[in-house]
Amino acid sequence: MAKNSKFDRVQVVDKAVDLYWEKGFHGTSMRNLQEVIDMRPGSIYATFGSKEGLFKESLQRYTQSGILHLEQCCHEQKSPLLGLKSFIHNIVVEKRSSAPSGMCMLVKTVTELTNENEELLTEAKRSLKIMESEFEKVLRQAQEIGEIEKEKDTKQLAQFVQVQIAGLRTYARTVDSDLPLQNMLDNMFSHYPF
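Notes on the structure in this doc start here. (Residues numbered from 1 in each chain as written. Predicted model: local features only at pLDDT ≥ 70, side-chain atom pairs only at ≥ 80, totals over all residues. Heavy atoms only, no water.)

Some remarks on the packing of aromatic side chains
For clarity, the cut-off: Working definition: rings of Phe, Tyr and Trp (its six-membered ring) pair if their centres are within 6.5 Å, and the pair is stacked with planes under 30 degrees apart, edge-to-face with planes over 60 apart, and tilted otherwise. Runs of E in the DSSP output that reach at least two residues are strands. Runs of H or I that reach at least four are helices, and both are numbered from the N terminus. Categorising residues by exposure relies on relative accessible area from a 1.4 Å probe, with only protein chains included: less than 20% of the type maximum marks a residue as buried, more than 50% marks it as exposed, and the intermediate range marks it as partly exposed.
All chains considered together, the criterion is met by 5 aromatic pairs. Aromatic side chains Tyr20 and Phe55 sit 4.6 Å apart centroid to centroid with 85 degrees between the ring planes, which places their arrangement in the edge-to-face category. Within this pair, whereas Tyr20 is found in helix α1 (residues 2-23), its partner Phe55 is found in helix α4 (residues 51-76), the two being separated by 35 residues in sequence. For Phe55, a relative accessible area of 0% corresponds to the buried category.

Here you go:
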């Protein structure tokens, strides 16, 4: 019985992720949530504590999904760097028209929220740091096998990757063709700082 409840919770949070990712926190009303996740406001409050509680859990779920996606891409490729490139290609190029929003949900949240929503803003920033540390792990693995020079700072490279992803995903919303995005992605891995 508890397993069904957990499964249902995951489904509800996944639906909420897509809704919040598309509309943002402030753009999502309780009525939107009620319709999409098929729960009444009282049930939402009883299960998640508040709209904010559901949003916080959605940020955590989005981050966990990103980590799993990165791990899968790295597992499917011949090297860590190719895995990272595959991950970025997938989220920037392949999913740019199928994702609820072209922007990363975490970046969108950081740009939308103010200190009025300090707890949620802090959670989004924390999640971005988590993703950055996951990029750093992949970059350290690449360094260990000689894909990246030993003297390169993997923390700085991970920060660079984070900024490039945010920029590419934003730029993807302004172009009609995948070619400029693919060229920028290729340049990212064949020039400075790699």
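Observations concerning the environment of Phe189
Here is the rule we go by: The contact definition used throughout considers only heavy atoms, calling two residues in contact when any of these lie within 4.5 Å.
As for its position among the elements, Phe189 is in helix α9 (residues 179-190). Taking relative accessible area as the criterion, Phe189 reaches 13% and is therefore assigned buried. Each residue touching Phe189, except ones within four places of it in the same chain, is listed here: Leu81, Leu84, Lys85, Ile88 and Phe194.

Side note on the nonpolar core
Basically, it comes down to this: Note on terminology: a nonpolar core comprises buried Ala, Val, Leu, Ile, Met, Phe, Trp, Tyr and Cys residues joined through side-chain atoms within 4.5 Å.
Among the nonpolar cores identified, the biggest contains 59 residues, and Ile88 and Phe194 are the most heavily contacted of them. Broken down by element, this core gets its largest block of residues, 9 residues, from helix α7 (residues 118-144). Discounting residues that sit within four places of it in the chain, Phe194 has contacts with Leu81, Leu139, Ile148, Lys152, Leu157, Phe160, Val161, Met188 and Phe189.

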